[in-house]
Amino acid sequence: MSLNKEQIAQRIAKEVKDGYYVNLGIGIPTLVANYVRDDISVEFQSENGVLGMGPFPFEGEEDADIINAGKQTITTLKGASFFDSSLSFGMIRGQHVDLTILGAMEVAENGDIANWKIPGKMVKGMGGAMDLVASAENIIVAMMHTNRAGESKLLKECSLPLTGVKCVKKIVTNLAVLEVTKDGFLLLERAPGVSVDEIKNATAGRLIVNENTPEMVL
Amino acid sequence: MINKKETSVDEALQGVKDNMTFLLGGFGLCGIPENSINKLVALNVKNLTCVSNNAGVDDFGLGLLLQKRQIKKMISSYVGENDEFERQMLSGELEVELIPQGTLAERCRAAQAGIPAFYTPAGYGTEVGEGKESRVFNGKPHILEHAFEADFSFVKAWKGDEAGNLIFKGTARNFNPVMCGAAKITVAEVEELLPAGSLNPNEIHIPGIFVQRIFKGEKYEKRIEQLTVRKKE
């Protein structure tokens, strides 16, 4: 059974370690916050200028001056701080943020990522994605293994305009957990009930399969 | 004390002309200089180049200037929430330069701090880096980006005093502090304008030296773009 978006987020949450400062992108990455173990200390950074983001406010308690990078109203937790955009990207560029989780349209076997522009369609912009992928040490991509047309999103080379080069370290999809190595995508885990052949068929880039790839534990 | 004097929005925007370049604070609709934007609409200045992380929505923020075709060029990092923007961009009426958000912030800060240009890894190997000088530091490629050159900065703060000192609130801070002093003239609008001495010097985010004109905004709508709430159990 391939994973749904919530389950992808649940699996990625296992990569979040005690003491991490984490930046979550929009979409599946945002859901990761719901699955982080509550016996560890983690702070979520939002690039519009907050560290220590909390859940959505209770009805009637929203504050137009406190939002996340998705422009959603949020709350802050104990120990939170606000700062300007330059300092925020200083945190990112200066590699003070431990983990970045973001979505992608395509990832190449060398770690290139494309997630901001489809030629011929309205381009909304890269927001903070180029800064994040250019600087973060530890980048996990959360995405579906194939696009709506059933084509692989794990490619030999990206076909769309790049967001960053050789930067993705790990990918969690509805089918698998993969690591980007110098030889290609290394299959680390399979989604429960998904065969290695299914993953091979859905991966256009070079896939390295070791014997006995374990199933994910959610 | 150097008194910046409380001015009205009319006085604060004196000297604003066609063809100028403006830096405008705000992230989405959060912390935007609402009153200055409304005044720019009323003044009907045209052919503007506006640097702002986003471009407002159709009927609020910079969207109001777009409706009246006052903007010639937008420099932003993300512009997803505006139909009129999309229409003008696709028809070629509006020139759009999309740049990484951290680069946008740092190009403001560089202008504020008198740094003409800087290297950043953001955008290397992408179309953002095309045609730009690049250089490798510690084994990692970077591209050269330049400080903005602008005529006016329009920023919004929570509290200010007659000396031009500013304090921001929550994530309405965003690009506002880095745009102060990044243009020839900085106009700050505030929710509360207080006599000098009212603000604790330890708590000031932006010293008045970066602010030439200050006024109290007549009203703040503070529109919420994405209202997300939980129900009380």
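Cut-offs used in this document
- Residues numbered from 1 in each chain as written.
- Chains lettered and ligands numbered in written order.
- Predicted model: local features only at pLDDT ≥ 70, side-chain atom pairs only at ≥ 80, totals over all residues.
- Heavy atoms only, no water.
- UniProt positions renumbered as here; feature names shortened; annotations may be inferred.
- Helix = DSSP H or I, 4+ residues; strand = E, 2+ residues; numbered from the N terminus.
- Expected span 1.5 Å × (residues − 1).
- Buried < 20%, exposed > 50% of the residue type's maximum accessible area, 1.4 Å probe, protein only.
- Contact = heavy atoms within 4.5 Å.
- Buried area = accessible area lost by both parts, 1.4 Å probe.
- Salt bridge = Lys/Arg side-chain N within 4 Å of Asp/Glu carboxyl O.
- Polar contact = N/O pair within 3.5 Å; in protein donor to acceptor, adjacent residues only side chain to side chain.
- Pairing = 2+ DSSP bridges.

As recorded by an unreviewed UniProt entry, chain B carries the name 3-oxoacid CoA-transferase, A subunit and is attributed to Galbibacter orientalis DSM 19592.

Per an unreviewed UniProt entry, the recorded name for chain A is 3-oxoacid CoA-transferase, B subunit, and the organism is Galbibacter orientalis DSM 19592. Of the comments in the UniProt record for chain A, the one headed Sequence similarities (unreviewed entry) reads "Belongs to the 3-oxoacid CoA-transferase subunit B family."

## Considerations on helix α5 (residues 101-113) of chain B
For an α-helix the count is 3.6 residues per turn, leaving residues at separations of three or four pointing the same way. Residue and element names in this part refer to chain B. With 13 residues, α5 should reach 18 Å at 1.5 Å per residue; the first-to-last C-alpha distance of 18 Å fits that figure. Counting buried positions along α5 gives 11 out of 13 residues, so the element sits mostly inside the fold. All of the buried residues along α5 are Gln101, Gly102, Thr103, Leu104, Ala105, Glu106, Arg107, Cys108, Ala110, Ala111 and Gln112.

## A closer look at the interface of chain B and chain A
Taken together, the contact between chain B and chain A spans 51 residues of the former and 48 residues of the latter. Between chain B and chain A, roughly 4300 Å² of surface is buried when both sides are summed, and carbon and sulfur atoms account for 60% of that area. When the area that chain B buries against chain A is broken down by residue, the three leading residues are Thr171, Thr228 and Arg230 of chain B, summing to 16%. Applying the counting criterion to the chain B and chain A interface returns six salt bridges. Linking chain B to chain A there are 29 residue pairs in polar contact (both at pLDDT 80 or more).

## Details of the sheet that holds strand β3 (residues 50-53) of chain A
All names here are of chain A. What the 10 strands build is an open sheet, ordered β4-β3-β2-β1-β5-β8-β10-β11-β12-β13; its pairing is mixed. Every interior strand has two partners, whereas the edge strands, β4 (76-82) and β13 (207-208), have only one. Here strand β2 (residues 43-46) pairs with β3 via two bridges, running antiparallel. Bridge pairing in β3 links Gln45 to Leu51.

## What about the environment of Gly103 of chain A?
All names here are of chain A. By secondary structure assignment, the location of Gly103 is in the loop between β5 (99-102) and β6 (106-108). For Gly103, a relative accessible area of 23% corresponds to the partly exposed category. In this structure, the C-alpha to C-alpha distance between Gly103 and Gly19, residues 84 residues apart in sequence, is 23 Å. Residues in contact with Gly103, not counting those within four places in the same chain, are Pro29, Ile113, Asn115, Val141 and Ala142.

## Here's the deal with the sheet that holds strand β9 (residues 154-155) of chain A
Residues and elements named next belong to chain A. Read from one edge of the open sheet, three strands run β7-β6-β9, paired in mixed fashion. Strands with a single pairing partner mark the edges of an open sheet, and in this sheet they are β7 (113-114) and β9. Pairing of β6 with β7 involves two bridges; the strand directions are antiparallel. Residue Val107 lies in a different strand from β7, and its bridge partner there is Ile113.

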